[in-house]
Amino acid sequence: MADNSPASQAGLLPGDMLTQFNGKNIHFGREMYLMENLSPIASEEAITIKYMREGKEYTTTLTPVKKEQYLVGFTYTSTGEAAVIQGIVEGGALSKTDALAGDVIVAINGTAIDTAESLEKYFNDHPTTSNPITLTLSRVTEDKTEEFDVTVTPQYAGIYYDTGF
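None of the values given here were measured: they were computed from a predicted structure.

### Examining the layout of surface pockets
Stage number 1. Computed from the structure, the largest pocket encloses a volume of approximately 2000 Å³.
Stage number 2. Lining the largest pocket are 40 residues; nearest its centre among them are Gln-69, Glu-120, Asn-124, Tyr-160 and Phe-165.
Stage number 3. Secondary-structure elements contributing two or more residues to the lining of the largest pocket are helix H2 (29-38), strand E5 (65-71), strand E6 (74-75), helix H3 (116-125) and strand E13 (155-162).
Stage number 4. Of the residues belonging to the lining of the largest pocket, the class tally is 19 nonpolar, 12 polar and nine charged.

Take a look at the structure:
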C-alpha cells in the first residue's frame, strides 16, 4: 500500500488483517479483490473497516479518493521473476506498438525494472496519466536477445475510487 493512500492515512499498516470492510465480513484476501471488482466503490463516502493487529481488533474509517484511470493495456503477474508481458489488450494502447506477449519490461522512462514486483511498485509510485511513457523491452529470438523502446500513451479508462488496497 502506498504511503499516502487512503488505507495508510486511516492508520492501516502492512500485516494488518482486515476482518470487515464496509459492513461485510472478510475471511480471506480474495474476498477484498472480489468486492472491489464486483461492487466497486462509487463515491468518496467514508468506509468503516475493522482489522486485527497483534491479536487486537481495531476499527477505523477511510475515505476513498476519486481518480482518473489510464491504462497501458497489458497483463502481467506480480512475482519476484522478470516482468513478462503475459498478454496485450486488443485495441489497448500497447497494441499500437511493436510489443508482443512474452517481451520482458526492463525499464520504464529510464527506471530499471528487475522483477514484476518492481514493475507493480513503479506503477503504484507513478500512476499512469495521459502522458506518454517509454517502455524498454527485451525480446529473445532464436539467435539473439534484443532490447528496444516503445513509447505508448495510456488510454483513459474512466473514474474509480481508490481505497489504497
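What follows picks up the thread again.
### Some words on the confidence of the model for the chain
Stage number 1. Per-residue confidence for the chain averages 91 on the pLDDT scale, and 98% of its residues sit at or above 70.
Stage number 2. Looking over the chain, one finds the lowest element-wise mean pLDDT in H2, namely 79, and the highest in strand E9 (residues 104-108), namely 98.

### Side note on the side chain of Gln-20
Stage number 1. Within the secondary structure, Gln-20 is located in strand E1 (residues 17-21).
Stage number 2. Among the polar contacts made by the side chain of Gln-20, one reaches the side chain of Asn-25 at a distance of 3.0 Å.
Stage number 3. The contact partners of Gln-20, leaving out residues within four places of it in the chain, are Asn-25, Ile-26, Thr-48, Ile-49 and Lys-50.

### Digging into the sheet that holds strand E4 (residues 56-62)
Stage number 1. The four strands are arranged E2-E1-E3-E4 in an open sheet whose pairing can be described as antiparallel. The two strands at the open ends of the sheet, each matched to only one other strand, are strand E2 (24-25) and E4.
Stage number 2. Of the strand pairs in this sheet, strand E3 (residues 47-53) and E4 are connected by seven bridges, and their pairing is antiparallel. Pairing of Thr-48 across the sheet is with Thr-61, part of E4.

### So, the environment of Thr-145
Stage number 1. Its location among the elements puts Thr-145 in strand E12 (residues 145-152).
Stage number 2. Separated by 63 residues in the primary sequence, Thr-145 and Ala-82 have C-alpha atoms spaced 15 Å apart.

Reading guide: rules and limits
- Residues numbered from 1 in each chain as written.
- Predicted model: local features only at pLDDT ≥ 70, side-chain atom pairs only at ≥ 80, totals over all residues.
- Heavy atoms only, no water.
- 1 Å grid on protein atoms, 1.4 Å probe; cavity = no way out; pocket = protein on both sides within 12 Å on 5 of 7 lines; lining within 4 Å.
- Points joined across faces, edges and corners; volume = space filled by probe spheres on them.
- Helix = DSSP H or I, 4+ residues; strand = E, 2+ residues; numbered from the N terminus.
- Nonpolar A, V, L, I, M, F, W, Y, C, P; charged D, E, K, R; others polar.
- pLDDT = per-residue confidence, 0-100.
- Polar contact = N/O pair within 3.5 Å; in protein donor to acceptor, adjacent residues only side chain to side chain.
- Contact = heavy atoms within 4.5 Å.
- Pairing = 2+ DSSP bridges.

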